[in-house]
Structure formats: C-alpha cells, structure tokens
Amino acid sequence: MLSSMIRPRAWVLGLAFAVIAAPSLTAQETGQVTGQVTAAATMQPLTGAQVFVSGLRLGALTNEQGRYVILNVPAGTHTVRVDIIGYTSLEETVTVTAGGTTTTNFSLEQTAVALEEIVVTGTAAEVRAREVGNALDAVTSRDIENLPVTNPENIIGGRIPGVTVVPPGGQPGTGGTIRIRGQNTASQAPEPLVYIDGVRVYNQPVSLGTASRAAVTALQDINAEDIERVEVIKGASATTLYGTEAAGGVIQIFTKRGVAGSPIWNAELGVGLARMGKVGSDADPTDIFTRCGDPDLLFGLSQSSSSRGERVFFEDPTCPSSGRWFEDGMSNSVSLSVRGGSETVSYFVSSNYSDADGTLPTQNSKDGGFRANMDFRPIDDLSIALNTAYTRRNSRFVEDGNNANGFLLNVGRGTNGNFKGGKGEDCVGVDVLCVSNGYLFDSENTAVSDRYTTGLVLQYEPIDGFSNRFAVGWDYLSVTSEEWEPFGHLRNPGGYYSSSGQAREKLSLDYAGSLRNGFGESIVSTFSWGGQIFRDRARYKFVSTQDFAGPGKPTLTSGGGSTGVSDSQVATTTAGFFLQEVLGFNDQFFVTGGLRVDGNSAFGDDFGLQFYPKVSTSYIVSDHEFWPSDWFDTFKLRAAIGESGKAPGAFDKLRTWSPVTGDEGSAGFTPNDIGNNEVGPERTREFEVGFDASFLRGRFGIEATYYNTRTSDALVPVAYPPSLGFLASRTENVGEIKGSGTEFQLTASLLQTESFEWRVQGNFGFNTNEAVDLAGQELSVDNLAGIREGDPVPSYYGNKIMNPDAFEDPDVESDQLYGAVNPTRVIGLNSTLSLGQSLTVDVLFEHQGGHYLPNYTGYQNGRRGAWYPCYEIQDKIFAAAAGDPGALDDVTALERGKCATNAFGGYNSAFWIESADFWKWRSLAVTYQLPSDLVASFASRASVTFAGTNLLTWTDYSGADPEVEDFYDRSEGGIYDGLTDYGRREYYNIPAPRSFLLSLRVTF
C-alpha cells in the first residue's frame, strides 16, 4: 500500500522536475532566429509578414517595425522563408547555434502576382495562391495605413474589381451598401456574407429609424486600425463551401494579432472637418434653397390660377447668419493599441473613440469600442485564439428623406415646405412669404447601436499534414431608435414620440479538418471535410404615441393615443457539411473537387437537402523550363465552376394568419401567406475562367476574369386568385436569372529607384444580368423599379418620352424600360507616389455607370414651381398657356415633360429617371514620415497624414447626388428582407459632404 502511494508521488515529482528543467535543456539545444523584413524599393518595414522555418512548425509574424523573432529553433542548418501578400517570397539558409541568436534580414520585391501567399477565404484549409482556381483579391493593412478610412466599407470600394460600394449619405454614423458581381436573385437579400476572424456576423443593413432614413452595417462596426487584411471571393464558383446564403459572395476580415516580443504600442490622434460641397445642378445658385441669405434668389413660381407663373418670394428669419444651412462639422478621434507576447501567449488589444459632427445643426455621432485578440499555444500541436470586440455608436440625426419633417423636403421646397409662420415675432417685418425652417431642428432623433462579436478558434495538428480547426462564434447587434417632436412643435403642436428596437443574433459552430499526403515526388493530395451550424434570431419592436398634455420629455404612455404598434420575431437554422479534395501535380497543376450539402429550417418539409458541387483547376504555366522568365515572371491559368444558394424567407413555407380586431372588439384573424411545403433555396451556378500574370520582376501585372452565372429555381412570389382565400402571393422555385461579366486588375510600377517609386493600379468590372424566366410574373420592387423577363434585374419602368430631343409636345408611351438599378460598370484608378522613406501620396478616382436613379427631388420641386433648372422653361410654358404661340419653339419634349407643373398637369415622376453615371475623386492622402532623430526620444516611428474624401464629382445627373438613397423608403419601413427592397430613389436626401482629416500616428 505504501509503495503504491510512493510511486505516483515519484512520478509527479519527476514530471515537475522535467517541466522546471525543460527551459534550461531547451536553451542548451536550441537558439533563436531574428531579423527585419523590409520592402526593397522603399526600405519601409513590412508588418504582418509570415516568417517560418521550413519543415518545422516554428514561425512568427513581423511587428510594426518589420521585426520578427523565432524561438526554440533546433541547433543546425535550416531554411527560413518569408511570405506576405503583394511581395515575392524569399528563402535564406541559416545556421543556428545552441543558445545563440542568428540574425537574418529580408528585403522583398513587390509583385503583382504572389503565388506563395497564404489564402484562407473560400478554401477548406490554408492553401497557397498557386493552388486556387478562382480569382483572389485582398487588401492589406499596408494598403490602407495611410488612407482616410473612417468606414471599412471604403477599403474595398474602387480597389477590388467587381465590387460595388455605395457609400452612406450625409447622416453621420451610417453605413452603405455592397454588391459583388451585380445581382443574381429576384427576391432575396443580395448582400455578401461577412466573416470576422472566422466568425460569421449579421451581414444585412439594419435601419436606424424613421428620421435618419439610413442604416448601420457590419463593416462600419470595425475599427479600420484593427484590420490586418480583407479577402474577397466573388461568386458561386468560389463560395461553394459556404453553401446556402453565399451566392452574393464572401468578405472575410482578419484583424491584427499579437507577435512575440516586447510590447509595441500604436497611437493615432485625428482631427477632421466635414464640409458640404455643391448641392444639385450648377444651374441652381441656391443649392436647392440651402443657401438662404440672398432674398433676390429665394422665390418659386405660383401655381394659382389667379397668378400663374408669377414669382412668389419668401424669406426665412431663422436662416443662419452665414446665409447657408450647411455648416462645417468638426470631428476628433483617438485610437490606441498594443501587441506583443511570447511564443506561447500573444495578444493584440485596442480601443478607439470618435466624435463627429455632421454638416447640419444637431447632427452628431459618437462611437467607441475595444478589441482583444488573444492567442495561446499550450503545446506545439494546439493553438487557441480568443477574439472579442465591442462597439457602441450613439448618433443624433436631422430628419431626412421622404419625411414630413425632413430637412431637404422642407428647406429644398422653398415656398412649399411645412414650416411657415414662425413663432412669436419671427415674421414681424417680413413682407413676403415667411418660412421658418429653423424649427425643424427642434425634433430630437437618435439611434444607439451596440455590437458584440466574440469567437473561440482551436487549431490542432497532431502530426504534420493533419490539421483540425473548430470555431464557435456569437454576433449580437442591438439598435434602439427614438424620434421625438416636442410639445409645441411648429408642424405638429401636440407632439409625437416613437421608439423602435431591433436585435440581430447569430450563433455559429464551424469545424474543418484536412489531411495532406504525398504520393511519390510529384503528386500531393489534400483531403478536407467539415461542417457548420448557424442559428439566426431577429426581433423588431415599434411603438409610437402623440398629443401630449404639456412640455417635457414624454414616455410611450403619456400621449393622447398610440399611432402604431408592431412586433415581430424570426428564427432560422442552417446546417451543412462539405467534402473537398485537392490534387497537386509537380506543384504546378492543381485540381480541386468539392461538395457542400445543406439543410435549412426555411426549406419546405417536403424539400429535403440541397447539394452544391464545385470543380476548379489552376495551372502555373510559368514554372516550365521553356518559359521566358527573364521578362515574363509569372503566368497562371485558372478555371472554376461551382454552385451556392439563397434560402427562402423564414415563413415562405408556412401558411400564416394575421390577427385582427373583429366585431365589438372581439379577437379574430385573416388569411395571410399561402405557404409552400416544397419551397427550397435558389441555386446559382457560376463558371469562371481567367489568368494572372506579372512581368519584369513584378513591376507590371494583369489579373483578368470572365464569369457566367445562372440562377435556377429562383424564388419568385407567384400571385394566385383571391378566390382561394389568400390575398398574398406564394413563394415558388420557378424563376431563372442569368448574368455574365469581365474583371481586370492592372498594376504597374512606372518608376522605381532607391529614392522614388510610382505605382498605379486600375480595377475594371463590367457585368450584365437578365431575368430569363419569372413564370409570367411581373415583380414590383417599389420606387418605379421592377423585375421582368428579358430585362436587367432589377430595372426602372414607367412613362417615357419617346421624342426627348424634338421641339414638340412629348410623345409619351407608358410602361417603358429605362434601365438597370445597379451599376453595370465600376472602374477604380489608384496612384501611389513614394519619395524615399519620408513621403507618400495616394489618390483614388472611381467611376460607376450603366445605371439609373429617379430624381424625385427634382420631380416634386419641378411640378410645384420650385426647381431652378426649370424656371426658364416654365416661364415659357406659362407664356404659351397665355397665348404666345412661339414660346416653346426652343423647348424640347423632354424639357416640357420634366418641367410640367401642377397648374396644367402633364407631369410624371418617371420623366425624372436619369442616368446616374458619375466619376468621383474618392480620396487623396499625403503622409509624411517624421525624421527618426526627431522622434527618437519618445517613439520608434511617427507620421503625419493629411487626407480628403469625396472631393469632386463629375456627372450629368441633375439631383443632389447620384449615390444618395432613402434606405427607410427602400426597405418599406426599415424592415429589410430583400423582396421589394431593390428600388433606389433620391427623395430629398442629404448628400455626403467632403471630409478632411489630419492625423498623427506614433509607434513606441
């Protein structure tokens, strides 16, 4: 008995001694490799480079100074390799001595095609770019570190071919929209999936309330300073392994992680200014009456039968002393991060705060948050990553858009606004129409959003070539919006108060395994498998009240009566698994085959599972010995075909009933959705082919891609006879949509010396789509937009003037096609100049075209006689009505139709559907690296950046801005679900201002 107790204790003591002695033994048998990685052209340090010892599971990432350290390298001769996106890989042979330190520095050449860079998005396991058969696009922290990125959506806009980003308008603290390769669905949300550090987050825009007419999005809740890189995969041929919901593409964001070594701190301080540029047409000297200081310009044209065409002047005693409603909005921001650690534990922790005023009184947005990324390696075979982030945004808006209290709807209508007469003695001494738009700022409209995202990722590799990855993630978004018009409000004297709350929650479980084997010297097999479960929950609540007894902040129960109550809850579950095999031949030719199988709680009970296959191939032609590698560095051919899908709505399979109040207040219900027990997902099949090439040691590069998509079993709402007892349509898999496009990325280092480098990049994306079959249905998606067989998805329709340039009355035909809602071509032109290590200048221009936008601001003002570009034409229309036979001789049919007035009729909103083509100077950034001897006493590096965004616009569009839209209007009361949420229009929306930022970055 005694001996049995002694033996375990002896074993424990032996283990303890081994643990204590291990470091000293390791120190005697191993050494370390350290050094710095820099760019060859500029000698600037490269952050985030992967440096590793070939054949061993030892490596490190470079820090902000480009330095790395690899510990516990066995004594002997080894090959050390460095990889980083956008640069050629490099290997060096080193000799490590026991207990010693070997220094090896790397100087990397920039290249247009980096075949050895590691890719994660769209693959089952980490692979090299040479193995992937579809287009790969990424933006790294080096690409954006000197850019004025306040919203990460701006990172990919104009910088990745095939990606369309519509930025937010003039409300601070709001997000835009993203489309990848156009639209391939007729009824579901087309947004791409978004992953952050391997965790899928809620990816659709969420309304910020009735007043703002805007939304919050997933990308804007990420601090741009935290981003290490962004990977984008664009179509079904690449997104198969993501299955249902991935037909719109995938955006994966990787945030910064810790590195071995002493703590490195980064701080950034910024001050900014937002200034509204020209609003509307050059023919309007008042900028849609937002300039209110010159009484000679403030007038409209009377529509009254007794004074038609006469000028009706107005004056606004509440007009600011500057003579313009818009004012400069100041902003300030601060961020602080630290990264460091050891070989077994590393960390990246950051925090940020910003406070930005808009360009109108009361506009403001404050946001702040933190991120903590922790990495643990308790044993060589296991790594654990814990990622946590939180962001809170508190915004106050000016009422906007299609809203009776909206800023431009009132100010921009001149004599036709809703705020007239003023209060007290406001209008004393005013001998013309007295308007008082200053009181529209009395309303208080706020939104508070909270997003919390966390994930735990375990990677286990018990033997070389056998890897396992398990991730669990949770993303939670809560938005509370309030709108308050106080008692005594000029337009609504009794007052009004509403509160809405939205919550979005996504829980994900994800496992992927991979086994890599070699067969002889020429064949390598990588077999992968895995599965995922996603659980989504959504809750929306709204309640409002009005008519208060007196002043003071109201409650929802203090009003005279409720004006609206709504409550909805939705939950869906998706589960699936995948298999994939990659065969490589001579590390030159690769074939990938995969299969994804999905089930979803929204699938009909009689539908079953959905299968999504994929096949791709990659061929590195330039690896042949005959290749002229002295000038033609790299040439990769690739092709892929694959499928992914879109799930039906949560209730599409169910027969539903709506509660109503019956006779004498009794409870009742009415029929609602018919239901379809056989409904399943849409299937989008895409074929893609292309090549990647680089020339002259990476100085010139081309990425070219052609793709062809076809969505079968497209979900279409089919109308049935009311005699069946249901008024709503039934969602069925009866549609078909096709699309195609080409994408090019051209890069060139035009000049490159030791002290000067000039690099340019052009991104070109062209796409078309068409509804092939809708089972005879014509779908209306609001705002004059619809989806019809044979036309782009979606398109604008309406009355059209068929003789627009003729000097005669309009020849109008009804129900005519105008064109696509979404851009069919997107071009981004980027230029970067580097003067040694001290000065960098980055410029980005972007073009979007081939699409249309209804200018409802012009339509509503024009027919009311309050649109400056129509004044001269309307004078002639009134003269002709008064009997002048030649008054309209030089007025075209289009001008007569667009400028028709309420007085005589003939106006139509569709006449104002206009081409929305534009070029924009998106950004300019100038960064100066402060001399090292100047900052040596307090920092290792410091830089100053001056940047501007949204600087100039070139367009023939006559409205406020060709990119604005009323999100609340488009999403039917803020509930965004896809169907009928496609039609954009400008409806008195505040455009985005120019913004300027001066920032100081310090590393210490």
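Under an unreviewed UniProt entry, the name given to the protein is SusC/RagA family TonB-linked outer membrane protein, and the organism recorded is Gaopeijia maritima. Taken directly from UniProt, the Sequence similarities (unreviewed entry) text for the protein runs: "Belongs to the TonB-dependent receptor family." As stated in UniProt under Subcellular location (unreviewed entry), the record for the protein gives "Cell outer membrane".

*Asks:* What should I look at first to understand the overall build of the protein in this one?
*Replies:* When helices and strands are counted, the protein shows 10 helices and 52 strands. Relative to the 2.2 N^0.38 estimate, which gives 30 Å for 1004 residues, the radius of gyration of the protein is 31 Å and therefore close to what a compact globule would have. Seen through its principal axes, the protein has C-alpha atoms that stretch 110 × 70 × 70 Å. Expressed as a percentage of the 1004 residues in the protein, the buried residues total 55%. In the protein, the proportion of contacts linking residues at least 24 apart, taken out of those at least 6 apart, comes to 69%. When the accessible surface of the protein is split by element, carbon and sulfur atoms take 56% of a total near 40,000 Å². Once the 75 positive and 119 negative side-chain charges of the protein are each reduced to a mean point, those two points are 4 Å apart.

*Asks:* Would you mind showing me how to read the pattern of salt bridges here?
*Replies:* Pairing between side chains of opposite charge can happen when the charged atoms of each approach one another. Scanning the entire structure with this criterion turns up 52 salt bridges. Notably, a salt bridge pairs Arg638 with Asp692, separated by 3.1 Å at the nearest N-O pair. Highlighted residues: Arg638 in strand E35 (residues 632–646) and Asp692 in strand E38 (residues 682–695), separated in sequence by 54 residues. What makes Asp692 buried here is its relative accessible area of 10%. Here Arg825 and Asp917 are joined by a salt bridge, their closest N and O atoms 2.8 Å apart.

*Asks:* Explanation requested: the state of the cysteines in the structure shown.
*Replies:* Simply put, disulfide is the name for a covalent bond between the sulfur atoms of two cysteines. Under the defined criterion, the tally for this structure stands at three disulfides. With its sulfur 2.0 Å from that of its partner, Cys292 forms a disulfide with Cys319. The sign of the 80° torsion about the S-S bond sets the Cys292-Cys319 disulfide as right-handed. Of this pair, Cys292 sits in the loop between strand E20 (261–275) and strand E21 (299–301) while Cys319 sits in the loop between strand E22 (311–315) and strand E23 (329–341); the two residues are 27 residues apart in sequence, bridging distant segments of the chain. Cys319 shares its class with Cys292; the two are buried. Once the bonded cysteines of the protein are numbered in order along the sequence, the disulfide links fall as 1-2, 3-4, 5-6.

*Asks:* How do you make sense of the UniProt feature "domain: TonB-dependent receptor plug" (unreviewed entry) in the protein when you look at a structure like this?
*Replies:* Residues given the UniProt feature "domain: TonB-dependent receptor plug" (unreviewed entry) here are residues 129–250. For residues 129–250, the helix share is 10%, the strand share is 25%, and the end-to-end C-alpha distance is 17 Å.

*Asks:* Explanation requested: the environment of Tyr957 in the structure shown.
*Replies:* With respect to the helices and strands, Tyr957 occurs in the loop between strand E51 (941–955) and helix H10 (967–970). C-alpha of Tyr957 to C-alpha of Ile913: the two residues are 44 residues apart in sequence and 9.6 Å apart in space. The contact partners of Tyr957, leaving out residues within four places of it in the chain, are Leu853, Pro854, Asn855, Glu914, Ser915, Pro962 and Glu986. Separated by 2.6 Å, the side chains of Tyr957 and Glu986 make a polar contact.

*Asks:* What should I look at first to understand the nonpolar core in this one?
*Replies:* Across soluble globular proteins, nonpolar side chains have a tendency to be buried as a group. Residues Leu360, Phe407 and Ile787 are the most contacted members of the largest nonpolar core, which totals 55 residues. Those elements giving two or more residues to this core turn out to be helix H5 (407–411), strand E39 (700–718), strand E43 (785–787), strand E44 (795–801), helix H6 (856–863) and helix H7 (868–881). Sort the elements by how many residues they give to this core and H5 lands first, with four residues. Excluding residues within four positions of it along the chain, Phe407 makes contact with Thr290, Trp325, Phe326, Leu360, Val398, Glu399, Asp400, Gly412, Leu440, Phe441 and Ile990.

*Asks:* I keep staring at the sheet that holds strand E19 (residues 250–255) and nothing clicks. Help me out?
*Replies:* Read across the sheet, five strands follow the order E11-E18-E19-E14-E15 without closing on themselves; strand pairing throughout is mixed. Each end of this open sheet is capped by a strand with a single partner; those strands are strand E11 (137–140) and strand E15 (199–201). Averaged over all neighbouring strand pairs, the angle between strand axes comes to 20°, with direction disregarded. Bridge count for strand E14 (residues 193–196) against E15 is three bridges, and the pairing is antiparallel.

*Asks:* Looking at this structure, how should I read the pairing of strand E28 (residues 444–463)?
*Replies:* In the case of a regular strand, side chains alternate between the two sheet surfaces. By the bridge criterion, 16 bridges tie strand E26 (residues 382–397) to E28 in an arrangement that is antiparallel. Note that in E28 the partner of Tyr390 across the bridge is Tyr452. Strand direction decides the pairing type here: E28 and strand E29 (residues 466–485), joined by 18 bridges, are antiparallel. Bridge assignment links Tyr452 to a residue of E29, and that residue is Tyr476. Between E28 and E29, which pair antiparallel in sequence order, lie two residues; one of them, Gly465, sits at a positive phi of approximately 90°.

Reading the values: the criteria
Residues numbered from 1 in each chain as written. Predicted model: local features only at pLDDT ≥ 70, side-chain atom pairs only at ≥ 80, totals over all residues. Heavy atoms only, no water. UniProt positions renumbered as here; feature names shortened; annotations may be inferred. Helix = DSSP H or I, 4+ residues; strand = E, 2+ residues; numbered from the N terminus. Rg over C-alpha atoms; globule rule 2.2 N^0.38 Å. Buried < 20%, exposed > 50% of the residue type's maximum accessible area, 1.4 Å probe, protein only. Contact = heavy atoms within 4.5 Å. Areas by Shrake-Rupley, 256 points an atom, 1.4 Å probe, with all protein chains shown as cover. Lys, Arg positive; Asp, Glu negative; His and termini not counted. Charge placed at Lys NZ, Arg CZ, Asp CG, Glu CD. Salt bridge = Lys/Arg side-chain N within 4 Å of Asp/Glu carboxyl O. Disulfide = S-S within 2.5 Å. Polar contact = N/O pair within 3.5 Å; in protein donor to acceptor, adjacent residues only side chain to side chain. Core = buried A, V, L, I, M, F, W, Y, C linked by side-chain atoms within 4.5 Å. Pairing = 2+ DSSP bridges. Axes fitted to C-alpha atoms, helices over the stretch in contact; angles between N-to-C directions.

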